[in-house]
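Here are the chains, one letter per residue:
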Amino acid sequence: MRAETGGLGTVAVLSDVHGVLPVLDAVLAEPDVRAADAVVVTGDHAAGPQPVEVLDRLRALGDRAVLVRGNADRELVAHVRDGSGAVPDPIAPWAAAQLRPADVELLAGLPHPAELRVRGFGRVVACHGTPRDDEEVVLVDSSLERWADVLGGLDDDVTTVLCGHTHMPFVRLVDRRLVVNPGSVGMPYGRPGGSWALLRDGQVELRHTDLDVDAAVEAVAAGSAYPGARAWADEYLRSAASDADALRVFGPRDGRAARPTGGDEDAQSSS
């Protein structure tokens, strides 16, 4: 897996697969993803009901894959190595126990951030939360002061930042720098299906892959040994938490004044 390359023409950007194979397969089957020079996946690959299967599918991309470490990837490795990983979701310890030694080494060796060059974009940095912290929260409506803080360590010639972590797609300018969050493949907030982005010819397109959600839930239930696989898939593949739910939980974590979260704990626990 390469972490840095140069001169790429077309790049597909995915994030937060969270061990959900049928949605990942649907996104990877998209013609523009199949034709892309690189597939960047900005973290949280395996913490879900089909961790090994997802890692095998990402490995099959070969040198086209640019995999970035997410906080959940780091936590799975810590679970395996010394039992110290955080447990934001009961599925995490189970997923960690499924990993083979080669999977642990893969996740442990992933970069954060990663860098590549893309024609029409120049120097691009890919991260999970922010370039400096894999679980730091920034949102589409975070203040310019917050953005200046979290991106302040980047060189001036970094033109584009690819991120993930919050499971909601957006594109915005931050003081002349482009920030792209493709949303989540495996645990979307607000809209079922696989969210991703395409970088091509200096343009960014937010894309969405529709799928038969009932069939995807059944595929996860049949393809996972996790005891709660069907219930997990019912909640997350159907996007039970809306984007409004997620924003109410994530908002205080980007430095703004705390706001009531009501019953939105699920959105917080799954990031």
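Our structure's up above, just so we're on the same page.
Trainee: Lay out unusual backbone geometry with the relevant residues and their values.
Mentor: The amide bond that connects His-112 to the next residue, Pro-113, takes the cis arrangement and shows omega of -5°. Looking at the secondary structure, you find Pro-113 in the loop between helix 6 (101–108) and strand 4 (114–118). Positive phi, normally seen in glycine, also occurs at Asp-175, with a value near 50°. With respect to the helices and strands, the residue Asp-175 is situated in the loop between strand 7 (170–174) and strand 8 (177–181). Residues other than glycine seldom take positive phi values, yet Ser-239 does so here, at roughly 55°.

Trainee: Break down the side chain of Asp-254 for me, citing the residues and quoting the values.
Mentor: Structurally, the position occupied by Asp-254 is in the loop between helix 10 (243–250) and helix 11 (265–269). For Asp-254, a relative accessible area of 5% translates into the label buried. In terms of polar contacts, Asp-254 uses its side chain to reach the side chain of Ser-142, at 2.5 Å. Dropping the residues within four chain positions of it, Asp-254 is found in contact with Val-137, Val-138, Leu-139, Ser-142 and Arg-146.

Trainee: Before we move on, could you go through the packing of aromatic side chains and cite the residues and values that matter?
Mentor: Any pair of aromatic rings gets described here by the distance separating the centres and the angle formed by the planes. Inspection of every chain in the model, using the stated rule, returns 4 aromatic pairs. Each ring, one from Trp-94 and one from Tyr-226, has its centre 5.3 Å from the other, and the planes form 55°; the classification is tilted. Taken as a pair, Trp-94 in helix 5 (residues 91–98) and Tyr-226 in the loop between helix 8 (213–223) and helix 9 (229–236) lie far apart in primary sequence, 132 residues in all. Relative to Phe-170, the ring of Trp-147 has its centre 6.3 Å away and its plane inclined at 75°; by these criteria the two rings are edge-to-face. Placement of the pair is Trp-147 in helix 7 (residues 144–150) and Phe-170 in strand 7, with a sequence separation of 23 residues. Of the two residues, Trp-147 and Phe-170, neither departs from the other in class, the shared state being buried.

Trainee: Hey, could you go over the sheet that holds strand 5 (residues 122–126) for me, with residue numbers and the actual values?
Mentor: One open sheet holds the 5 strands; their spatial order is 4-5-6-8-7, and the pairing between them is mixed. If you trace the sheet from one side to the other, it starts and ends with strand 4 and strand 7, each paired once. Looking at each pair of strands side by side, their axes are set apart by 25° on average, direction ignored. Of the strand pairs in this sheet, strand 6 (residues 158–162) and strand 8 are connected by 3 bridges, and their pairing is parallel. Of the residues in strand 8, the one forming a bridge with Leu-162 is Val-180.

Trainee: Break down the packing of helix 4 (residues 71–82) against helix 5 for me, citing the residues and quoting the values.
Mentor: Contact geometry for helix 4 and helix 5: axes closest at 9 Å, N-to-C directions at 65°. If you check the angle between helix 4 and helix 5, you find them roughly perpendicular. Crossing hand, helix 4 versus helix 5: right-handed. Touching Leu-76, His-79 and Val-80 of helix 4 are Ala-92, Pro-93, Ala-95 and Ala-96, all from helix 5.

Analysis parameters
- Residues numbered from 1 in each chain as written.
- Predicted model: local features only at pLDDT ≥ 70, side-chain atom pairs only at ≥ 80, totals over all residues.
- Heavy atoms only, no water.
- Helix = DSSP H or I, 4+ residues; strand = E, 2+ residues; numbered from the N terminus.
- Buried < 20%, exposed > 50% of the residue type's maximum accessible area, 1.4 Å probe, protein only.
- Polar contact = N/O pair within 3.5 Å; in protein donor to acceptor, adjacent residues only side chain to side chain.
- Contact = heavy atoms within 4.5 Å.
- Phe/Tyr/Trp six-rings, centres within 6.5 Å; stacked < 30°, edge-to-face > 60°.
- Pairing = 2+ DSSP bridges.
- Axes fitted to C-alpha atoms, helices over the stretch in contact; angles between N-to-C directions.
- Parallel < 35°, antiparallel > 145°, perpendicular 65-115°, else oblique.
- Left-handed = near helix turned anticlockwise from the far one by under 90°.

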